[in-house]
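Architecture at a glance
The lines below spell out each chain.
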Amino acid sequence: MSQEPGPADARQPEDVDTSHAVPDPDPANTPEQEIAIEQAFVDRVYDRVDVLRADAVGDRDAGYRHLAATVPGAQFERDVFVYRAARRIADLDSQHEGLVFGRLDFDDGKVRHIGRLGVRDEEYRTLLVDWRAPAAAPFYRATAVDRQDVARRRVIRSFGRAVEEISDDLLNEDAAERLPVIGDGALMAALGRKRTGRMRDIVATIQAEQDAAIRAPGRGATIITGGPGTGKTVVALHRAAFLLYQDRSRYEAAGILVVGPSAVFMKYIGRVLPSLGEETAALYSLGELYAGVEAVRQDRPAVAAVKGGTVMLPILRRLIRQTPPDAPSELRIVYRGDVFKLDAADLAAARARVFEKEPRPNLAKTEAGRALLVALWRKVKPVIPDAEPAKFSRDVGSRGEFLTFLDHWWPDLDPAEVLGWAGDERRLASAAEGHLKRESIEAVAASLREADFSIPDVALLDELRLLLGVKPQPRGRDRIRSWDGIQEVSTAQDRFYDRPERQARDAFYEDYAHVIVDEAQDLSPMQWRMLGRRGRAAGWTIVGDEAQSSWPRPKESADARRRAVPSGRLHEFHLTKNYRNSKEVFEYAAEWAKPRLRSIDLPEAVRETGVPVESRTVDPQALLPELASAVAEALESVEGTVGVIAPYDRHAELAAAVHDGRVTLVGPLESKGLEWDAVIAVDLDAVAKSHGPGVAYVVLTRATQRLKRIDLG
């Protein structure tokens, strides 16, 4: 059987040495000669990968041809053999681009190459070390102060199988006599490249403080903080890949959940984990964590502040106790020749008695039928003294008209339907009495009358799902399962020995092994409750920056987070370098934010462009032509993407200026976590007034090269 690349490298000793695969260094070599040396090594790795892939294809095809297996154990072995071969093929294919990206030269002359997965040669000696393996850690953590015996670190950039560029960091000055040093620094080169509208992995340029957070233990809670541009999001995603590598059986079986603020953000980060060879993590925005709903609408800040607060809990509990709008208001039953009636007051009293016994209406139908029969019996007994209660219950309780009435009076309730009731101001006012002021009731009800749900509504729907009661669902036996995109017929072991299947991870799945929350500073208490249900026994990675928060009551949110995240060991990491913004852009943003934000973390921007921030004030009537001119200028100035960030009520007006595929128009809240080469910030004062200075600070820190403000005079 062929050797499998990947997780085996986690067991490699720390003295992994690939020196046998490369020639001795010559300090007189030119950049072209050094590129040729690395090209020869890269060719050897790809040749070996081609062999491994061919072996895996042969193993898979041999398994498919092994039809003679009739004993359950043999069938099970065949199925596992086929699955593992298919998995190897998928791993090798997903990591093909940029497979080799790093090299370490140690003080003792040994060499170690780092790549996207681990590869061994024909004699099972290490050719390439997986970036997540302990042996790769010095590539990210070695510094001039703590060299970890590293003399030179080299970053290799390739296109396809061709090495295009190398860049060296010399950590041991004494090694200059034996090691050539090429290039000006890989990190600066990577930061200067154009943006494409998709977040890229950073396996070749992870910095030491980022690597420490990536490799933190999976148990307990890992808190990653840092100002704008410090790489918090991409660190969290690489952390998911690292956890899957370290303990695949645990994290792949129970799952990793990655949660971000918006659908735009999730699309932006969507290719990072697949580019690292990981397809099993579940990625959801906060608007998608309720099955069947994909909310993208943002509520006005005042409405979002009400919907996201814990004040909604007693309101929702009262709401589910209300009589459904279409429920009948009278019950008439003929018994032994007499007509007995329950009027609206009788039915209301019966409904109240049901909730005393079972507060979850969707689990209380039996109790509701019993309450109706008791209420009717109290009418019958004085009129028919010789009536027997047991006989009465059997007779009336089995009648079609009684069961039909019960179905209409006590229907199964859908959370979306119940939340829709709150669009009626009278119903919401009744549920919110003593909790909300009149203007808040009117605003929330108006929002709930919209044709679609807003992002804050999703947490309310999820809360209602639990308050209404979730009926146990029988678990089916699906004969076709999909792991990592590979469809696999259920194995003989499953069929004969009833091996339990993995649960489907839809939006309601609640047994994740790890939960990663990005832009955590914006989560409302109701959203923390929703996430807490997904990770009751999970490890957590929580990423954010308080200065960028849009939630107006941070203490309430912090209390909700403490209740949502299981208590346990806490790992805290603070990132201090801003890799996104140029120094010109970030210093401008910092000067704007410092007098407006009480608690602000200002990382150090690591590069300069020499391009100052531009600012222009125009009349509202001149906004569209001014924006069109600014967009054209930005497209001419940068090779990559351009972002236009404007207040939501300006989008319809400004859409005419966005006619190029490189330009994106977004609202202030959707801009969180995103970046563009050039950003045009429209009416920043309106953004700050509507969403708070933290969100305006976010807007000012999205540009990697150029920032222009257009204000209204």
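Residues numbered from 1 in each chain as written. Predicted model: local features only at pLDDT ≥ 70, side-chain atom pairs only at ≥ 80, totals over all residues. Heavy atoms only, no water.

Quick look at the overall build of the protein chain now. Within the protein chain, the regular secondary structure consists of 27 helices and 23 strands. Burial analysis of the protein chain (713 residues in total) assigns 55% to the buried set. In the protein chain, the proportion of contacts linking residues at least 24 apart, taken out of those at least 6 apart, comes to 75%. Accessible area for the protein chain stands at about 31,100 Å²; split by element, carbon and sulfur atoms hold 51% of it. (Helix = DSSP H or I, 4+ residues; strand = E, 2+ residues; numbered from the N terminus. Buried < 20%, exposed > 50% of the residue type's maximum accessible area, 1.4 Å probe, protein only. Contact = heavy atoms within 4.5 Å. Areas by Shrake-Rupley, 256 points an atom, 1.4 Å probe, with all protein chains shown as cover.)

Before going further, it helps to examine the sheet that holds strand β3 (residues 119–120). Pairing is mixed in the open sheet, where six strands are placed in the order β3-β4-β2-β1-β5-β6. Only two strands of the sheet have a single partner each, and these edge strands are β3 and β6 (162–170). When strand β1 (residues 100–106) meets strand β5 (residues 150–159), the two strands line up antiparallel, connected through five bridges. Its bridge partner being in β5, G102 is matched across the sheet by V155. (Pairing = 2+ DSSP bridges.)

At their nearest, the axes of helix α19 (residues 455–468) and helix α21 (residues 525–534) sit 9 Å apart, and the two run at 55 degrees to each other. Comparing the axis directions of α19 and α21 gives the class oblique. Judged by the sense of rotation from one axis to the other, the crossing of α19 with α21 is left-handed. In this structure, α19 uses I455, V458, A459, L460, D462, E463, R465 and L466 to contact α21, whose residues at the interface are M526, Q527, R529, M530, R533 and R534. (Axes fitted to C-alpha atoms, helices over the stretch in contact; angles between N-to-C directions. Parallel < 35°, antiparallel > 145°, perpendicular 65-115°, else oblique. Left-handed = near helix turned anticlockwise from the far one by under 90°.)

Time to look at the nonpolar core. Judged by nonpolar contacts, the single largest core of 70 residues is most densely connected at I114, W131, I256, W592 and Y697. Looking at this core element by element, the count peaks at nine residues for helix α6 (residues 232–246). Ignoring any residue separated from it by four or fewer positions in sequence, one finds I114 in contact with L99, V100, F101, G102, L104, L128, V129, W131, A136 and F139. (Core = buried A, V, L, I, M, F, W, Y, C linked by side-chain atoms within 4.5 Å.)

The next point concerns empty space enclosed by the protein. Within this structure, the stated rule accounts for three cavities of 30 Å³ or more. Taken together, 13 residues form the lining of the largest cavity, with E614, A634, R706, L707 and K708 sitting closest to its centre. Among the secondary structure elements, those contributing two or more residues to the lining of the largest cavity are α24 (623–637), β22 (676–682) and β23 (703–712). The leading source of residues in the lining of the largest cavity is α24, at four residues. The residue inventory of the lining of the largest cavity, partitioned by class, reads eight nonpolar, one polar and four charged. (1 Å grid on protein atoms, 1.4 Å probe; cavity = no way out; pocket = protein on both sides within 12 Å on 5 of 7 lines; lining within 4 Å. Points joined across faces, edges and corners; volume = space filled by probe spheres on them. Nonpolar A, V, L, I, M, F, W, Y, C, P; charged D, E, K, R; others polar.)

Close approach of charged atoms allows side chains of opposite charge to pair. Scanning the model with the defined rule gives 56 salt bridges in all. Taking the shortest distance from any N to any O, the salt bridge between R297 and D299 comes out at 3.3 Å. Judged by its relative accessible area of 17%, R297 is buried. Between D462 and R534 there is a salt bridge; the shortest N-O distance is 2.6 Å. With a gap of 72 residues between them, D462 in helix α19 and R534 in helix α21 connect regions that are remote in the sequence. Linked by salt bridges that have partners in common, D462, E463, R465, E510, R529, R533, R534 and R536 make up one network. (Salt bridge = Lys/Arg side-chain N within 4 Å of Asp/Glu carboxyl O.)

The sheet built from six strands is open, its strands ordered β9-β8-β14-β15-β7-β16 with parallel pairing. At either end of the open sheet lies a strand with only one pairing partner, and these are β9 (282–285) and β16 (570–575). Along the sheet, successive strands turn relative to each other by an average axial angle of 15 degrees, direction set aside. For strand β14 (residues 514–517) and strand β15 (residues 539–544), the ladder comprises four bridges, and the chain directions are parallel. Each bridged residue has a counterpart across the sheet, and for V517 the counterpart in β15 is I542.

Turning next to the pairing of strand β10 (residues 331–335). Side chains of β10 alternate between two faces, with L331, I333 and Y335 buried and R332 and V334 left unburied. Note that β10 and strand β11 (residues 338–342) share five bridges and pair antiparallel. Within β11, the position partnered with Y335 by the bridge is D338. Counting the residues that bridge the hairpin from β10 to β11 gives two residues, and of these R336 lies at a positive phi of roughly 50 degrees.

Looking at the element boundaries, L128 is found in strand β4 (residues 126–130). Taking C-alpha positions, L128 is 9.5 Å from R103, a pair spaced 25 residues apart along the chain.

For the protein chain, mean pLDDT is 86; residues scoring 70 or higher make up 85% of the total. Mean pLDDT values for the elements of the protein chain range from 36 in helix α20 (residues 492–497) up to 98 in helix α11 (residues 312–319). Ignoring residues within four places in sequence, the model shows residues 475–503, a span with pLDDT below 50, making 57 contacts including any to other chains. (pLDDT = per-residue confidence, 0-100.)

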